Amino acid sequence: MVISTSSSELAEQAVAELQDLLGNEPNPIRLADGEPDLTVIRAFAARKLREGVDSPERTLRLAELVTELDAASRDDIARRLSVHTAQFEALQRVVRALDAGADRLADVVTQELCTSLGYGKAMFSVVRGSTWSPIALAVNPELTGDFHELATAIDGREIALREAPREAELVRRRRPYAVDAVDTYRHTYRPLIDLSRPAGYLAVPVVVDARAVAIIHVDRQSDSLSDTDVHLVAVLAGACASSKERADLRRQISTRNEHVDAEIQRLTQALRHLEQPLTMPEVATCDLPRTDASTDSPQTPAIPRAHALTAREREVLTLMATGATNATISRRLCISDGTVKSHVQRIFKKLGVSTRAEVAALCAHAKTVNGG
């Protein structure tokens, strides 16, 4: 539990009072071994009060101590609530700033961690394969000390994960970790820690698609970091991950839009080309019967029953006589393949033939007879 200086002093005084009231019992001594905790001390004192002590005077003093500890616990809870509320409001400001500056995510995150959330220093690193590289560093303006060497050291630096075991574990497990001053040199990347000189250090991964793509580092110069700090920075890391995912999605949409625009432009050009007048090449024609009286003249032999053909069927027949395929006729006359097939079938029926070869023979015979 993280407690204020006044709470810590009160806890130490309470331990001393318990030892004075109860003597050198093992339990009060053990309470003083670690960091005093008001909740534990109050529970111990209340239990002793229920069990009873050897005099009314000591009972009264013990009851007063429990009452004081209750009041101190309430004050500590109120203080914690106030701190958490302030942290939550600061986190909201950071997230809003992040949304407004997603294109410079690293700079926004590090600056806001120091100015809004009060950390001593904040660093943002990107993970690329088996390395991680710091790309942004911010220092709290209220922090004393010169960290110019630290800023110079991280500029363009690429660090192998094998040289930083804790960062390597963070990337592999995708879990945050925090260390205090005692553990700092054993578990973190020492070249940067030597220049940073923190009292407590925390690193949290930014996870996108189940992969650690970045690391947020924060520290304090005079205080250790708590579970609250881990949770707070983890929430911010989650916001960073969401911001990156949105930015990636916007880039993908933009790229697809560019492809769609290019395809639309290509199709537009193709349509404009199709709208241009089609120049029909000259094709050989076979003699077809004319509609005037001369068609009955024996000197002008005609294809039998050709008079039954429509104007379009005559055009199709003329192209068929040159050996043109349905696809060629379709392009020449700007009609569909299905329409060409229908015309061909009707021509076959009207001329009493069943193959293109017979059509070609009829046309050739007509031209020969007419001196073509």
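Preceding this paragraph is the structure being described.
Residues numbered from 1 in each chain as written. Predicted model: local features only at pLDDT ≥ 70, side-chain atom pairs only at ≥ 80, totals over all residues. Heavy atoms only, no water.

Visitor: For this particular structure, what's the right way to read the pattern of salt bridges?
Guide: As a working rule, side chains carrying opposite charge can pair if their charged atoms are close by. Inspection of the entire model under this criterion finds twelve salt bridges. Here Glu51 and Arg47 are joined by a salt bridge, their closest N and O atoms 4.0 Å apart. Here Glu51 and its partner Arg47 are both found in helix H3 (residues 38–51), four residues apart, which amounts to about one turn of the helix. Two residues, Arg266 and Glu263, come together in a salt bridge whose shortest N-O distance is 2.5 Å. Separated by three residues within a single helix, Arg266 and Glu263 lie in helix H10 (residues 227–275), roughly one turn from each other. Judged by relative accessible area, Glu263 falls into the partly exposed class, the value being 37%. Several salt bridges converge on common partners, so that one network encompasses Arg47, Lys48 and Glu51. (Salt bridge = Lys/Arg side-chain N within 4 Å of Asp/Glu carboxyl O. Helix = DSSP H or I, 4+ residues; strand = E, 2+ residues; numbered from the N terminus. Buried < 20%, exposed > 50% of the residue type's maximum accessible area, 1.4 Å probe, protein only.)

Visitor: Would you mind going over helix H12 (residues 326–333) with me for this structure?
Guide: Of all the residues in H12, the buried ones are Asn326, Thr328, Ile329, Ser330 and Leu333. In the stretch just after H12, Cys334 is the one whose phi turns positive, near 60°.

Visitor: What exactly am I supposed to notice about the sheet that holds strand E6 (residues 211–220) here?
Guide: Working definition: the strands of a sheet are paired by backbone hydrogen bonds and lie parallel or antiparallel to each other. The strand order across the open sheet formed by six strands is E3-E2-E1-E6-E5-E4, and the pairing between neighbours is antiparallel. The open sheet terminates on both sides in strands that have one partner only, identified here as strand E3 (159–160) and strand E4 (177–180). The pairing of strand E2 (residues 131–139) with E3 spans two bridges and is classified as antiparallel. Looking at the pairing, Thr131 lines up with Ala160 of E3. (Pairing = 2+ DSSP bridges.)

Visitor: When you look at H3 in this model, what are you seeing that I'm missing?
Guide: Structural remark: α-helix, 3.6 residues per turn; residues separated by three or four positions point the same way. In this model, H3 (14 residues) spans 20 Å end to end at C-alpha, consistent with the 20 Å of a helix rising 1.5 Å per residue. For H3, the complete set of buried residues consists of Leu38, Ile41, Phe44, Ala45, Ala46 and Lys48. Remark: Gly52 follows H3 within two positions and exhibits a positive phi of approximately 95°. (Expected span 1.5 Å × (residues − 1).)

Visitor: Mind showing me how you'd approach the packing of aromatic side chains here?
Guide: The way to describe two aromatic rings as a pair is by their centre distance and the angle between their planes. Taken as a whole and judged by the stated rule, the model has two aromatic pairs. With centroids separated by 6.1 Å and ring planes inclined at 80°, the aromatic side chains of Trp132 and Tyr189 adopt a geometry described as edge-to-face. Highlighted residues: Trp132 in strand E2 and Tyr189 in the loop between helix H8 (181–187) and helix H9 (190–196), separated in sequence by 57 residues. Pair check on accessibility: Trp132 and Tyr189 agree, each one buried. Ring geometry for Tyr177 against Tyr201: centres 6.0 Å apart, planes inclined by 65°, an arrangement best described as edge-to-face. Remark: Tyr201 occurs in strand E5 (residues 200–208) and Tyr177 occurs in strand E4; sequence separation between them is 24 residues. Residue Tyr177 is classed as buried on the basis of its relative accessible area of 6%. (Phe/Tyr/Trp six-rings, centres within 6.5 Å; stacked < 30°, edge-to-face > 60°.)

Shape is all these values report; function is a separate question.
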